[in-house]
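Spelled out from the first residue to the last, the chains are:
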Amino acid sequence: MALGILLIIFIVIAVVSLFSIAALFMVKDRKVNNWVFGFTVILGLVISYMAVTALPTNYTVPRVFSASMGVLAIIGVILKLMHKTLAAKLVVTVSVLLGMTQLFFF
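Residues numbered from 1 in each chain as written. Predicted model: local features only at pLDDT ≥ 70, side-chain atom pairs only at ≥ 80, totals over all residues. Heavy atoms only, no water.

Right, let's get into a nonpolar patch on the surface. Taken together, the side chains of Met 1, Leu 3, Ile 5, Leu 6 and Ile 9 make up a nonpolar region of the molecular surface, amounting to roughly 610 Å² of accessible area. For Leu 6, the location among the structural elements is in helix H1 (residues 2-26). (Patch = residues over 30% accessible without salt bridge, like charges linked within 9 Å, V, L, I, M, F, W, Y side chains within 5 Å. Areas by Shrake-Rupley, 256 points an atom, 1.4 Å probe, with all protein chains shown as cover. Salt bridge = Lys/Arg side-chain N within 4 Å of Asp/Glu carboxyl O. Helix = DSSP H or I, 4+ residues; strand = E, 2+ residues; numbered from the N terminus.)

Here's what the structure looks like:
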């Protein structure tokens, strides 16, 4: 039963990630886009945290890779503050997609 609940949670996170990324590039209103960007960054950080804490402590390389997905989300925020909006969106998108890929496959 616990694995079924985990599967449902994973599917919900995957769907929310896809909708968040789609909204990030499709929403034209600046304020709404800023909210979606912030939500996507937080989602990227949460996914990175879940991936890091799900791995055993002696799996150093996969843990560093998982943590780097969170660093990518933070770099996206820095790029957004530097007014490089498209680059920031792309970096945050890569962060979320690679984090979800790592959660799914590894």
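Of all residues except glycine, most have a negative phi; of all peptide bonds, most are trans. Positive phi, normally seen in glycine, also occurs at His 83, with a value near 65 degrees. In this fold, His 83 is placed in the loop between helix H3 (60-81) and helix H4 (85-105).

Our focus in this paragraph is the side chain of Ser 20. Within the secondary structure, Ser 20 sits in helix H1. Classification of Ser 20 by relative accessible area gives buried; the value is 5%. Setting aside chain neighbours within four positions, we find Ser 20 in contact with Val 36, Phe 39, Thr 40 and Leu 43. (Buried < 20%, exposed > 50% of the residue type's maximum accessible area, 1.4 Å probe, protein only. Contact = heavy atoms within 4.5 Å.)

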